[in-house]
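# Structural features, examined
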Amino acid sequence: MVCANGSSFEDYKQKLQNAIYQYLLKHPDIREPVKQEKEPLDFVQKAQTNWERRIFKSLNNMCNDLGIALSRKRPVSEQKELEAKWTELGTEDMDLSRFRPVYSPRDFLEVLMSVRNPNLSQVSIGVDHCLQPSKLSCMFPVLESYQAPLAREYSKQGCPQNLRAEMWALILGVETTDASRLQFEHLKASVFLHDLIVDKLIFKDINLTASNDDQYFVFEDLLYQILLVFSRDTAVLDHFEYSSANPPKAHLRGGRNNEDTLVIYPPNGVIPFHGFSMFVCPLCYIYEDPVTLYMVFRELYTLYFYLLHTVSSHPQGILSLCLLFETLLHELDPHLTYHMASKEIQPLKVVIKWLMRAFSGYLSADQILLLWDRILAYNSLEILAGVGARMDKIISF
Amino acid sequence: MAETVKYCCDLDISVVSANFEKRGWSPVGSDEDWNVYWASVLTIRNIFNPENGYKLRERQIINHFPTYQELTRKDYIVKNINRYREELDKQGSPLAEKDNMGKYIHLDFIPLTFALPNDYNAFAEVFKKNPTSTWIMKPCGKSQGIGIFLINKLSQLKKWSGPLQNSAQNPITATYVVSRYIDNPLLIGGKKFDLRLYILVLSFKPLKVYLYKLGFCRFCQLKYTCNMSDLANMFVHLTNVSIQRQGDEYNSVHGGKWTIQNLRLYLEGTQGKEVADKLFSDIKSLIIHSLKATAPVMIRDKHCFECYGYDIIISDDLKPWLIEVNASPSLLTTTDNDRVLKHELVDDIFKVMCPGNTVPNVETDRTPDENNIGNFELIADELESIDSEQCSKNSVHGGKWTIQNLRLYLEGTQGKEVADKLFSDIKSLIIHSLKATAPVMIRDKHCFECYGYDIIITDD
């Protein structure tokens, strides 16, 4: 390995340590001799597979109804036009009235509710984290030390807004290099080249959510860029190695029933749900540069957010979070639980959309950032269930 | 048994009358014995017209100063600020310090402006020196973006001003101001925005003013360009809600409005806390200087209070520029958030003006409890600031100077969070000492910006 110019051996050593640390976090089972299955529980895997089939079917149906192909190459004139408009996509005139989000949190809840464990195993409860935002007076030394584990530890108390950008980048191991800029440009080029139906879904989703949100509408144009690029990024596919989900596949034109012509669609394997863009919104408050913003978002998605819309037995998967939420609610507020039960109100119906979007859009931006600080710090989504269980406090906002 | 406040309201603004009703006040006619009058500017002119001989009693307050135009008319405020600068210059005040380009360092907060047609020659001279500059033409005494256009050639002005100079029968509407256009505004999401802040002035001399914390940013719908071809597209350049509402991209859910809190969060996250703190401190200083500039020509009247809407644009070097001041900021509501905000604004105005929901009395000075002024914060209070200065001189443990120094010290040594926590508890006191209008105080502020905190410590 060659040391980059200008960086000392110590710096390089620290970077290497951080890289190993981040790799281990992503692959917790690396030390186990037998490679684990993507999803150890059959009935969960089955539910996820059925769910994927349903999503893809509904996407296909939409294509058929609208008479639009999943993907088409843009004519050169359109490519150029899109390139010129890249930073102001909000002005793009597009008739989206016929497009509908493929699925909403409500649809997903139905799926979750129908998952039944044939063995009725015990569910363990996670820690109920303290949500009080407290601020550290001095994080500069942490940043200077450039130690990812240290940054993570300090973030447990919430990052000061002015240092958050660096802290998160350090924790996630995101470094905006020339290579990442080049990659971003490359992905942009592939957006210009092809018109995917997913693009329309992204536009529709942003129109329905962020554009109408008085906290995030300012960043509308930035969101288009990030999410369009995201849909083309095959690096996202890596997370399917440890996710219970599998990327949807489509046949290339003319190659029906032939395994060779199967391609992953969309290129990143993720079909956005209603509210997907809210994963990006809060980041706009800390990253101005689209490339850094994108890299951080991609890390957050492949580490955490994918779990929020995938059926899995992962201890931080949405199933576990829902269970954890119900248990916590029962423990923290038995009266409320009883009251809701007697009125046949299902708390999860309210909470699922909060959980699926990691509360983005339901709390003010500064609170979201403090909440996500804790997700990064504890490397865990469990806090979402904890916050959900204090719903009485949140509703009073 | 507290007496019920009797109010009179000229204008049918729902947020105002709803507030009075909520407080249980009783409505009366303008010729009856009212305590609080929410009047139109026309009524103010009548009431304060010496020919009418109308005398306000001690238990009456009214929502405008008779000479409010000194602050709100685009040509008057420029005249007042110019005079204020010259006076400070003559006194040799450190505030009037200029940089080596001959620009005021601390008082350069309003774009270079000329009144037309009177100052046409002076303007033409400046324009010829900066032939590539863009200027904005605004009619004096009009609001909501009416009659505004941009120019970048002197000929555009000649063509326009030619026939108007001839129409002498209508001299008032013919008066325009031309200001240097801020063509490098700070952009967020590629779009231009301005700030709308509300302040409540209780008195100009001594200056007593509250700043409303819940201001907002108003965004343009279209991406900002300073291309000459787009000069005529007002959706790019003007942030006025009344203009933006006509655009295709107008979103009626948020109305292009973003809270000041969000702006601060964004700036802290992307530019750092020091930058955000300095900007907001500069904005407060801008407000105070603009009020002090008009104070000498303002009629002193204890019956008056006034809520002004300040329009401020931030340039990309994060410097705030005063664009204009409105005496009757629109209380019409465009979105749900807007309604909540403006309702609270009026509510909080009367928390300050009529503390404890009692009949106001202009003779007894009843300063409202600081914990009960809603979202207002006192940013200047000339009498009190002198008091606090004496207080800290007399008592070693007065704490006020110490805390300010502590904050500065902690900021200097990067422990800003601790400083902020302390600061929030005694915020108004710190603001007095930073922003108060006594020359000593202002010298302190200057030192803070240029030399750090040493001088303040030795002062204390």
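These numbers were taken from a predicted model, which means no experiment stands behind them.

### Thoughts on the interface of chain A and chain B
Listed per partner, the contact involves 30 residues of chain A and 27 residues of chain B. Summed over both sides, the interface between chain A and chain B buries roughly 2400 Å², with carbon and sulfur atoms accounting for 57% of that surface. One salt bridge in this structure joins B:Lys191 and A:Asp221, with 3.6 Å as the shortest N-O distance. For the pair chain A and chain B, the number of links is seven residue pairs in polar contact (both at pLDDT 80 or more). Of all the secondary-structure elements, those providing two or more residues to the side of chain A that touches chain B are α7 (161–172) and α15 (365–378) of chain A.

### Here's the deal with the packing of helix α4 (residues 74–91) of chain B against helix α10 (residues 273–294) of chain B
All names here are of chain B. For the pair α4 and α10, the least separation of the axes is 8 Å and the interaxial angle reads 90 degrees. Between α4 and α10, the angle is such that the two are roughly perpendicular. Each of Asn80, Ile81, Arg83 and Tyr84 in α4 lies in contact with α10, whose residues at this interface are His289, Lys292, Ala293 and Thr294. A class-by-class count of the residues in the contact of α4 with α10 yields three nonpolar, three polar and two charged.

### Brief notes about the packing of helix α1 (residues 9–26) of chain A against helix α6 (residues 148–155) of chain A
Residues and elements named next belong to chain A. One way to put it is that α1 packs onto α6 with a least axis distance of 9 Å and a crossing angle of 60 degrees. Taken as axis vectors, α1 and α6 run oblique relative to one another. Of the residues in α6, those in contact with Asn18, Tyr21, Gln22 and Leu25 of α1 are Ala148, Pro149 and Arg152. Its residues placed into classes, the contact of α1 with α6 shows four nonpolar, two polar and one charged.

### Notes on helix α10 (residues 220–232) of chain A
Across its 13 residues, α10(A) extends 19 Å between first and last C-alpha, which sits within 8% of the 18 Å expected from 1.5 Å per residue. Burial analysis of α10(A) places 13 of its 13 residues in the buried class, which makes it a mostly covered element.

### Side note on unusual backbone geometry
In the segment running from A:Tyr265 into A:Pro266, the intervening peptide bond is cis, with an omega of -15 degrees. The topology assignment puts A:Pro266 in the loop between β4 (262–264) and α11 (290–303). A cis amide bond links B:Lys205 with the next residue in sequence, B:Pro206, at an omega value of 0 degrees. Positive phi, normally seen in glycine, also occurs at A:Ala358, with a value near 50 degrees.

### Focus: empty space enclosed by the protein
All names here are of chain B. Going through the model one piece at a time under the given rule, you end up with five cavities of 30 Å³ or more. Looking at the largest cavity, its volume works out to about 300 Å³. In terms of lining residues, the largest cavity is bounded by 27 residues, among which Ile136, Lys138, Ile313, Ile323 and Glu324 are the most central. Going through the elements one at a time, α4, β6 (135–139), β8 (176–180), β10 (191–204), β14 (306–314) and β15 (320–326) are the ones with two or more residues in the lining of the largest cavity. A breakdown of the residues in the lining of the largest cavity according to their chemical character gives 13 nonpolar, six polar and eight charged.

### Here's the deal with the side chain of B:Asn35
Residue and element names in this part refer to chain B. Mapped onto the elements, asparagine 35 comes out in the loop between β2 (26–27) and β3 (36–38). Accessibility expressed as a relative area gives 4% for asparagine 35, which makes it buried. Ignoring sequence-local partners within four residues, the contact set of asparagine 35 consists of Thr4, Val5, Lys6, Arg59, Gln60, Ile61, Val359 and Pro360.

### Points about the pairing of β8(B)
Residue and element names in this part refer to chain B. Of all the five residues making up β8, four are buried; the element is thus mostly covered by neighbouring parts of the structure. Relative to β8, strand β5 (residues 113–116) is paired through four bridges, and the arrangement is antiparallel. Bridging across to β8, phenylalanine 114 finds its partner in valine 178. By the bridge criterion, five bridges tie β6 to β8 in an arrangement that is antiparallel. Across the sheet, methionine 137 pairs through a bridge with valine 178, a residue of β8.

### What about the environment of A:Ile318?
All names here are of chain A. Relative to the elements of secondary structure, isoleucine 318 occurs in helix α12 (residues 318–332). Considered as a pair, isoleucine 318 and leucine 381 are 63 residues apart in the sequence and their alpha carbons are 9.1 Å apart. With sequence-adjacent residues up to four places away left out, isoleucine 318 is seen in contact with Phe108, Leu112, Leu307, Leu308, Thr310, Ile352, Leu355 and Met356.

### Observations regarding the nonpolar core
Counting 184 residues, the largest nonpolar core has A:Trp168, B:Trp258, B:Tyr308 and B:Tyr310 as the members making the most contacts within it. If you look at the next biggest cluster of nonpolar residues, it comprises 33 residues, including B:Phe305, B:Cys307, B:Val362 and B:Ile373.

### Digging into the pattern of salt bridges
If you walk through the whole model with that rule in mind, you get 34 salt bridges over all chains. With a shortest N-O distance of 3.4 Å, A:Glu175 and A:Lys15 are connected by a salt bridge. Of the two residues, A:Glu175 is situated in the loop between α7 and α8 (178–193) and A:Lys15 in helix α1; the sequence distance between them amounts to 160 residues. By relative accessible area, A:Glu175 is classed as partly exposed at 37%. The salt bridge involving B:Lys22 is made with B:Asp347; its shortest N-O contact spans 3.6 Å. Taken together, the positions of B:Lys22 in helix α1 (residues 14–22) and B:Asp347 in helix α11 (residues 336–353) put the pair 325 residues apart, joining distant regions of the chain.

### Re the sheet that holds β3(B)
All names here are of chain B. The strand order across the open sheet formed by four strands is β2-β1-β3-β4, and the pairing between neighbours is parallel. Every interior strand has two partners, whereas the edge strands, β2 and β4 (61–62), have only one. Sheet topology places strand β1 (residues 6–9) next to β2; two bridges connect them, and they run parallel. Considered in β2, the bridge of lysine 6 is made with serine 26.

### As for the packing of aromatic side chains
Tallied over the full model, the rule gives 49 aromatic pairs over all chains. Here A:Phe279 and A:Phe305 contribute two aromatic rings whose centre-to-centre distance is 4.4 Å and whose plane-to-plane angle is 5 degrees, an arrangement assigned as stacked. Of this pair, A:Phe279 sits in the loop between β4 and α11 while A:Phe305 sits in the loop between α11 and α12, placing them 26 residues apart in sequence. The same class applies to A:Phe279 and to A:Phe305, which are both buried. Seen in terms of ring centroids, B:Phe123 and B:Trp135 are 4.9 Å apart; in terms of plane orientation they differ by 85 degrees. Their pairing is edge-to-face. Here B:Phe123, found in helix α5 (residues 120–129), pairs with B:Trp135, found in strand β6; they are 12 residues apart in sequence, far enough to count as distant.

### Some words on the environment of B:Lys351
All names here are of chain B. With respect to the helices, strands and loops of the structure, lysine 351 is situated in helix α11. Taking the C-alpha atoms as reference points, lysine 351 and arginine 23, 328 residues apart in sequence, are found 10 Å from one another. Residues within four places of lysine 351 in sequence aside, it is in contact with Arg23, Pro368, Asn372, Ile373 and Gly374.

Each value, and the rule that gives it
- Residues numbered from 1 in each chain as written.
- Chains lettered and ligands numbered in written order.
- Predicted model: local features only at pLDDT ≥ 70, side-chain atom pairs only at ≥ 80, totals over all residues.
- Heavy atoms only, no water.
- Contact = heavy atoms within 4.5 Å.
- Buried area = accessible area lost by both parts, 1.4 Å probe.
- Salt bridge = Lys/Arg side-chain N within 4 Å of Asp/Glu carboxyl O.
- Polar contact = N/O pair within 3.5 Å; in protein donor to acceptor, adjacent residues only side chain to side chain.
- Helix = DSSP H or I, 4+ residues; strand = E, 2+ residues; numbered from the N terminus.
- Axes fitted to C-alpha atoms, helices over the stretch in contact; angles between N-to-C directions.
- Parallel < 35°, antiparallel > 145°, perpendicular 65-115°, else oblique.
- Nonpolar A, V, L, I, M, F, W, Y, C, P; charged D, E, K, R; others polar.
- Expected span 1.5 Å × (residues − 1).
- Buried < 20%, exposed > 50% of the residue type's maximum accessible area, 1.4 Å probe, protein only.
- 1 Å grid on protein atoms, 1.4 Å probe; cavity = no way out; pocket = protein on both sides within 12 Å on 5 of 7 lines; lining within 4 Å.
- Points joined across faces, edges and corners; volume = space filled by probe spheres on them.
- Pairing = 2+ DSSP bridges.
- Core = buried A, V, L, I, M, F, W, Y, C linked by side-chain atoms within 4.5 Å.
- Phe/Tyr/Trp six-rings, centres within 6.5 Å; stacked < 30°, edge-to-face > 60°.

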